[in-house]
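Coordinate inspection notes
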Amino acid sequence: MSEQELTYSVYSPASVIGIFNNALKLNATVNLIYLKGRYSYGAGKSYGNSYYDLLFSESDHSSIGIRISSLLRSKITNNEVYTLRGFIEKNIKNSSIELRFVVDEIIQQEEKSISEEELQRYELIQKKLEKGSKDLETLVRDHMLKDQKIRIANIYGNNAIVQKDFAEGLDVSSLYFEIDNYNCNITSATAILSTLRELASKNYDVIGLVRGGGDRQSMETFNDLSLSEHFINMDALMVTAIGHTVDETLLDRLADKRFHLPHDYGSGLHSIAEKLSHERSNSRALLIDEVKKDVKKQFSEQVETLEKQLKKKNEEFTEAQKTYKEQAENQSKTFADQLKVRNEEFEKLQNNSAKQLEDLQKNFQEQQKQRALELENYKKEIAALHEKNLRSAVNEKTAALQANLETVKQDNIRLKEEAQKGRTNYAALFVAVIVALLIGFMLAKMV
């Protein structure tokens, strides 16, 4: 090796971590200190008789890991504020050094005060309770009975890989669903809110907020009040599957259906679809049995009802028959009495009529005789009057004919005189002859 080459130290990654670990010798790591904050349960399992939880700052969402014994943990209430005494320990993992507070004693539990934010959360929960939750199984059932696919929109993080967990859980039941995936910054309430507003106009049946896990601080996104208020006003059935089995966020409490993990979400839909599919397959036999039972029950009820009605009708008929018999007897008796009275009245009327008829016949015969006499007298008077009138008419006609004859005679004398004078008038002569013939004819007729 050349004398001019520089010499330097070479370290391994483990040695570098060890150097920095040994260099962090602070009083807080070797002495007991007091720590105050809001206590939050961790995974819920103990490891080596210790629990690993979190302690959050009251002013923000910063947190530090907590290791606490099972005995002390049993005295802790989740989400309450405590003052704890203990020390800081270091946990080296790969190239990072994680600080953890080891609890030695619980000093004090702060009285819980209700903040304005907690009041708003309570109001949102009350509003959701009043509005009511939609039932996922009912929705799936209604669509499957109508042979309609359930339209689902799932919201994932931008770099999420849990879509396959959901798909594996859904399995073969995917044929009953039409699923669309949407990506956004899942740790940003504003980004999630924007995506929900976009989906509101697309008429999805189900909207799921899906997250595969992550640090606890990012869970505060799902406690955002503005996001939560919009969440409960969505028309679709809202589902959460945000990957934490212990922590319950505000959105989990406001959701219509909560699943702990994306796989649980898919398998939950699969279970519902499979159950309904089996029900649908067996529904025909069940329906036939139910129909038989219903028909038998209805038939028995109808027979019983008809028997009661028939018995009642028979009783009514017997009573009506009895009443009719009494009424018929009364009417027959009344009719017989009325008929007897009418017969007596008729006999009396008949006798009166016969007597009146006899009197009328006598009067008629007398009137006939009187009219015959009067007619005979009228005939005699008419014959005498006719004879008188005839004679008067003959006399009048005779006088007229005589006057006419006298006139004719005068005319004949005049004609003769004219003839003698040599002027023979044949026409006048002809007229005179005709007149003379007529007068002769009339006289002959009258005689």
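So, here is what we can say about the structure in this document. Please read these numbers as outputs of a predicted model, since none were measured by experiment. (Residues numbered from 1 in each chain as written. Predicted model: local features only at pLDDT ≥ 70, side-chain atom pairs only at ≥ 80, totals over all residues. Heavy atoms only, no water.)

**As for the overall build of the chain**
Helix and strand content of the chain: eleven helices and eleven strands. In the chain, which comprises 447 residues, the share counted as buried stands at 25%. Taking the contacts inside the chain whose residues are at least 6 apart along the sequence as the reference set, 67% of them involve residues at least 24 apart. Split by element, the accessible area of the chain, about 31,700 Å² in all, is 52% carbon and sulfur. (Helix = DSSP H or I, 4+ residues; strand = E, 2+ residues; numbered from the N terminus. Buried < 20%, exposed > 50% of the residue type's maximum accessible area, 1.4 Å probe, protein only. Contact = heavy atoms within 4.5 Å. Areas by Shrake-Rupley, 256 points an atom, 1.4 Å probe, with all protein chains shown as cover.)

**Some remarks on the pairing of strand β5 (residues 81-93)**
Here strand β1 (residues 33-40) pairs with β5 via six bridges, running antiparallel. Across the sheet, the residue bridging to Gly37 is Tyr82, located in β5. Judged from the twelve bridges that link them, β5 and strand β6 (residues 96-109) form a sheet pairing that is antiparallel. The residue bridging Asn91 from the neighbouring strand is Glu98, located in β6. (Pairing = 2+ DSSP bridges.)

**Considerations on the side chain of Asp252**
When you line up the elements, Asp252 lands in helix α9 (residues 250-254). Among the polar contacts made by the side chain of Asp252, one reaches the side chain of Thr249 at a distance of 3.1 Å. (Polar contact = N/O pair within 3.5 Å; in protein donor to acceptor, adjacent residues only side chain to side chain.)

**So, the pattern of salt bridges**
If you walk through the whole model with that rule in mind, you get 17 salt bridges. Here Glu89 makes a salt bridge to Arg67, at a shortest N to O gap of 3.0 Å. Taken together, the positions of Glu89 in strand β5 and Arg67 in strand β4 (residues 63-69) put the pair 22 residues apart, joining distant regions of the chain. For Glu89, a relative accessible area of 19% corresponds to the buried category. (Salt bridge = Lys/Arg side-chain N within 4 Å of Asp/Glu carboxyl O.)

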